[in-house]
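Secondary and tertiary structure notes
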Amino acid sequence: MRKRVFSGARPTGRQHLGNYLGALQNYVKLQDEYDCIYCIVDIHALTTVEDVSNIQNNIYEMTLDWLAAGIDPKRSITFVQSHVPEVMELHTLLSMVTPLSWLLRVPTFKEKAKLQPHNVNYGLVGYPVLMTADIVLYKAEAIPVGEDQLPHLELAREIVRRFNSLFGPTFPEPEAKLTSFPMVLGLDGKQKMSKSLDNHIEIALSPEETVKRVRTAVTDPARQYRTDPGNPGICNIHFLHGYFNQTEQQRYAMMCRKAEVGCVEHKNVLADEINKALAPFHERRAALATNPQYVKDVLADGAQRAQVVARETLVEVKKKMGLL
Ligand code: TRP
């Protein structure tokens, strides 16, 4: 049997190049080798989201992007976390074997508590327990995540070990599968590309919009005039170029150092490369967008298939914990 992959992502809406290059392309590739389950974690989102009015639309736009990028609902399961409510039951059960001290020392908890001191909710402390429930409900073994999620995964492994030692072997220890892709910087050239920082490039943008957006990128700040030689080593356009065309990236770097190309021209070239790479994606997305019902059906079917596995696991867990 093929190993099972599980990954979750918050419903952030339209995906950006950082999501695409860092996670989404990897999700698509993993389908060739694994049984994949991809989950849009709307319950996790409630730990930080205060305005809930966008959640449904974000789920829809994100699913469109995932499907257009190549997530194949025939081979994989794509579903929304809250559509399989068994995860909340398992979360409660796992919380009984998770020492509070483990949760209070998770670095992301401390960060979030600092970021939203007015809303240090109970769910925020339990975030990694819910994430563990996501994973073990499907007995997933390989978890594609970014480096920022490693402390959560380590905790999941500790909870699994503790559960297995208390109640007998039940869950495999999930392993992180780090993507080889380095973090994609945002248009500010300083921070990780992210929607909340508004330094992102959505992959669903039209080619014209992409050109406009790329033009707002910060390049080498020391290069003021077209005649100044630039330093590609600190230029984000240079880095982004490498994700799409490494030969041209090197050629433009040489020209930049000799002031043979200006930043605006280089940005136009990069935007063209992005548009070329995303053309098939745009075509599929436009076709899918004509049929919103299909997107809803994919998620409903995914939830149904996930629930079959979830129910089975939950019965096993309840028996072991003396509840059945
Ligand atoms: N915490 C993850 C993130 O913010 C999302 C997530 C929730 C997840 N459940 C998961 C990732 C299970 C992997 C496996 O990116």
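Residues numbered from 1 in each chain as written. Predicted model: local features only at pLDDT ≥ 70, side-chain atom pairs only at ≥ 80, totals over all residues. Heavy atoms only, no water.

Comments concerning the site of the ligand
What surrounds the ligand is a group of 13 residues, the closest being Gly 8, Tyr 127, Met 131, Asp 134 and Gln 149. At 2.8 Å from a nitrogen atom of the ligand is found a side-chain nitrogen or oxygen belonging to Asp 134. With respect to the ligand, the side chain of Gln 149 contributes an N or O atom lying 2.9 Å from a nitrogen atom. Here the ligand, which alone exposes 360 Å², has 90% of that area covered by the protein. Elements with a contribution of two residues or more to the shell around the ligand: strand 1 (4-9), helix 7 (122-136) and strand 4 (142-145). The biggest single contributor to the shell around the ligand is helix 7, with four residues. Classifying every residue of the shell around the ligand gives seven nonpolar, four polar and two charged. (Near = heavy atom within 4 Å. Polar contact = N/O pair within 3.5 Å; in protein donor to acceptor, adjacent residues only side chain to side chain. Areas by Shrake-Rupley, 256 points an atom, 1.4 Å probe, with all protein chains shown as cover. Helix = DSSP H or I, 4+ residues; strand = E, 2+ residues; numbered from the N terminus. Nonpolar A, V, L, I, M, F, W, Y, C, P; charged D, E, K, R; others polar.)

Regarding the packing of helix 10 (residues 236-244) against helix 12 (residues 263-289)
With their axes 10 Å apart at the nearest point, helix 10 and helix 12 run at an angle of 30 degrees to one another. Judged by the inter-axis angle, helix 10 sits roughly parallel to helix 12. Like other packed secondary-structure pairs, helix 10 and helix 12 cross with a definite hand, here left-handed. For the pair helix 10 and helix 12, contact is made by Ile 237, His 238, Leu 240, His 241 and Phe 244 and by His 266, Lys 267, Val 269, Leu 270, Glu 273, Ile 274 and Ala 277, respectively. Tallied by class, the residues present in the contact of helix 10 with helix 12 amount to seven nonpolar, three polar and two charged. (Axes fitted to C-alpha atoms, helices over the stretch in contact; angles between N-to-C directions. Parallel < 35°, antiparallel > 145°, perpendicular 65-115°, else oblique. Left-handed = near helix turned anticlockwise from the far one by under 90°. Contact = heavy atoms within 4.5 Å.)

Examining helix 9 (residues 207-215)
What helix 9 keeps buried is the set Thr 210, Val 211 and Val 214. Buried residues in helix 9, looked at end-on, bunch into an arc of 100 degrees, giving them a common side. In helix 9, the exposed positions that point more than 90 degrees away from the buried face belong to Glu 208 and Lys 212. At its buried positions, helix 9 is contacted by helix 10 and helix 12. (Buried < 20%, exposed > 50% of the residue type's maximum accessible area, 1.4 Å probe, protein only. Arc of directions from axis to C-beta.)

Considering helix 3 (residues 55-69)
The end-to-end C-alpha distance of helix 3, which contains 15 residues, comes to 21 Å, matching closely the 21 Å that a straight helix rising 1.5 Å per residue would cover. Of all the 15 residues making up helix 3, 13 are buried; the element is thus mostly covered by neighbouring parts of the structure. At the exit of helix 3 stands Gly 70, carrying a positive phi of roughly 120 degrees. (Expected span 1.5 Å × (residues − 1).)

What about the packing of helix 10 against helix 11 (residues 246-257)?
Running from amino to carboxyl end, helix 10 crosses helix 11 at an angle of 150 degrees, the nearest separation of the two axes being 6 Å. What the angle tells us is that helix 10 and helix 11 run roughly antiparallel. Judged by residue contacts, His 238, Phe 239, His 241, Gly 242 and Phe 244 of helix 10 engage Gln 246, Glu 248, Gln 249, Tyr 252 and Ala 253 from helix 11.

Considerations on the side chain of His 16
By the secondary structure assignment, His 16 is in the loop between strand 1 and helix 1 (17-30). At a separation of 3.0 Å, a polar atom in the side chain of His 16 contacts the main-chain amide nitrogen of Gly 18. Beyond its immediate chain neighbours, meaning those up to four positions away, His 16 contacts Met 193, Ser 194, Lys 195, His 200, Ile 201, Glu 202 and Ile 203.

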